[in-house]
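One-letter residues, chain by chain:
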Amino acid sequence: MGEQELREQVRERYAEAAVRAGSGVSCCPGSADLTGGLYDEAERSSLPPEAVSASLGCGNPLAVAELREGETVLDLGSGGGIDVLLSAKRVGPAGKVYGLDMTEEMLALALANAEKAGATNVDFLKGNIESIPLPANRVDVVISNCVINLSVDKPAVFAEMFRVLRPGGRIGISDVVAEDHLTAAERTERGNYVGCIAGALSFAEYRTGLADAGFTDIEITPTHEAAENMHSAIVKAVKPRDAAARELPVVANSGCCG
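The structure displayed is predicted, hence computed values, not measured ones. (Residues numbered from 1 in each chain as written. Predicted model: local features only at pLDDT ≥ 70, side-chain atom pairs only at ≥ 80, totals over all residues. Heavy atoms only, no water.)

1. So, the pairing of strand S2 (residues 96-101)
- Counting buried positions along S2 yields five of six residues, so the element is predominantly enclosed.
- In the sheet, strand S1 (residues 72-76) pairs with S2 via five bridges, with the strands oriented parallel. Across the sheet, Leu74 pairs through a bridge with Tyr98, a residue of S2.
- A crossover links S1 with its parallel partner S2, the connecting element being helix H5 (residues 82-91), and its sense is right-handed.
- In the sheet, S2 pairs with strand S3 (residues 122-126) via five bridges, with the strands oriented parallel. Within S3, the position partnered with Asp101 by the bridge is Lys126.
- One crossover worth recording links S2 to the parallel S3 by way of helix H6 (residues 104-117), and it is right-handed. (Buried < 20%, exposed > 50% of the residue type's maximum accessible area, 1.4 Å probe, protein only. Helix = DSSP H or I, 4+ residues; strand = E, 2+ residues; numbered from the N terminus. Pairing = 2+ DSSP bridges. Right-handed = clockwise from strand over helix to strand, strands pointing away.)

Okay, here's the thing in structure tokens:
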């Protein structure tokens, strides 16, 4: 299957998920109640039900992002907006949260959820995670919840995260990661691409990709099994304070994955 076909399959699946918000469909196999045990009851009850039910992630990136008052946050693949809205509460009125998604349906749902929640410090952007429509050195923290595995160009995603982060900025990501001994074919045997399995990187590949992009202090911690020898994991890394990101032109797009 070609990259363009994969992109379209991903777009269609998550557009459908937005329309069917509340169906309980999860990105992570074996997780019927996605948010159970990932977001606590107080967090869930503070949000519109549609934001909670449209979450298709595999973890809670906010649990390790350590967001602070006044920070600027970017959520890659923001979906129905659950992590954007929770982040907005943590950074407060002086902070800002961007949500980036590729589907009109998810963006419409997220905007409606933000209005219901009364969130005034959020902004939702249409685009893909391989070409983030923000200037360099704009955000303090990048979060993402089970989205990077869906990208067909992960080195571009890592480079873009590095570019938009300010020096000293950090990432706190939930994603599916494969054990190092699994081949690409063996990952495909365990699940399809749009189900967040076939496209997952191994632990070593993830570390190498982040390091090649310039990140340091890389930590990848498995949290629970998503498929045999494949795990939902928390990924953390830092952009060095002395790093200089190249300023690239902002390109409007409506491509895949995020």
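2. Regarding the pattern of salt bridges
- Counted under the stated rule, the structure contains seven salt bridges.
- Across the pair Arg170 and Glu71 runs a salt bridge, and its minimum N-O distance is 2.9 Å. Residue Arg170 is found in strand S5 (residues 165-178), and its partner Glu71 is found in the loop between helix H4 (62-65) and S1; the two are separated by 99 residues along the sequence. Per residue, the accessibility class of Arg170 equals that of Glu71, and both read buried.
- What you see here is one network of salt bridges that share partners, running through Arg68, Glu71 and Arg170. (Salt bridge = Lys/Arg side-chain N within 4 Å of Asp/Glu carboxyl O.)

3. Describing the pairing of strand S4 (residues 139-145)
- Counting buried positions along S4 gives seven out of seven residues, so the element sits mostly inside the fold.
- Bridge count between S4 and S5: six bridges; the pairing is parallel. Opposite Asn145, over in S5, you have Ser174 as the bridge partner.
- Taking the sense of rotation as the criterion, the β-α-β connection linking S4, helix H7 (residues 154-164) and S5 turns out right-handed.

4. Some thoughts on the nonpolar core
- Ranked by size, the top nonpolar core spans 32 residues in total, and within it Leu74, Met161, Ile171 and Tyr206 carry the most contacts.
- Of all the elements in the fold, those that place two or more residues in this core are S1, S2, S4, H7, S5, helix H9 (203-213) and strand S8 (230-238).
- Counting residues per element, this core draws most heavily on H7, which supplies five residues.
- Apart from residues no more than four positions distant in its own chain, Met161 is found in contact with Leu76, Ile132, Val142, Ile148, Ile171, Ile173, Leu210 and Phe215.
- Within the second largest apolar cluster, 18 residues are counted, among which are Leu67, Ala88, Ala110 and Phe124. (Core = buried A, V, L, I, M, F, W, Y, C linked by side-chain atoms within 4.5 Å. Contact = heavy atoms within 4.5 Å.)

5. Focus on the environment of Arg241
- With respect to the helices, strands and loops of the structure, Arg241 is situated in the segment after S8.
- Considering only alpha carbons, one finds Arg241 and Pro167, 74 residues apart in sequence, at a separation of 4.3 Å.
- Discounting chain neighbours no more than four positions away, the residues touching Arg241 are Pro167 and Gly168.

6. As for the packing of aromatic side chains
- Following the criterion strictly, the structure yields two aromatic pairs and no others.
- Where Phe158 meets Tyr206, the ring centres are 5.4 Å apart and the plane angle is 45°; that geometry is what we call tilted. In this pair, Phe158 is assigned in helix H7 and Tyr206 in helix H9, connecting sequence segments 48 residues apart.
- In this structure Phe158 comes out as buried when scored by relative accessible area, which is 2%.
- Pairing Phe162 with Phe215 gives two aromatic rings, centres 5.2 Å apart and planes at 90°, and the pair type is edge-to-face. (Phe/Tyr/Trp six-rings, centres within 6.5 Å; stacked < 30°, edge-to-face > 60°.)

7. Some thoughts on H6
- Its 14 residues give H6 an end-to-end C-alpha distance of 20 Å, which sits within 8% of 20 Å, the value for a rise of 1.5 Å per residue.
- Listing the buried residues of H6 in full gives Met106, Leu107, Leu109, Ala110, Asn113 and Ala114. Along H6, the residues classed as buried sweep out an arc of 160° about the axis, all on the same side. Turned more than 90 degrees off the buried face of H6, the exposed positions are Glu115 and Lys116.
- Among the residues trailing H6, Gly118 stands out with phi positive, at a value near 70°. (Expected span 1.5 Å × (residues − 1). Arc of directions from axis to C-beta.)

8. A look at the side chain of Asp140
- With respect to the helices, strands and loops of the structure, Asp140 is situated in strand S4.
- Looking at Asp140, the relative accessible area reads 17%, which means it is buried.
- Looking at Asp140, its side chain comes within polar contact range of the side chain of Arg166, at 3.0 Å.
- Contacts of Asp140, omitting those with residues within four sequence positions, involve Glu71, Thr72, Leu165, Arg166, Gly169 and Arg170. (Polar contact = N/O pair within 3.5 Å; in protein donor to acceptor, adjacent residues only side chain to side chain.)

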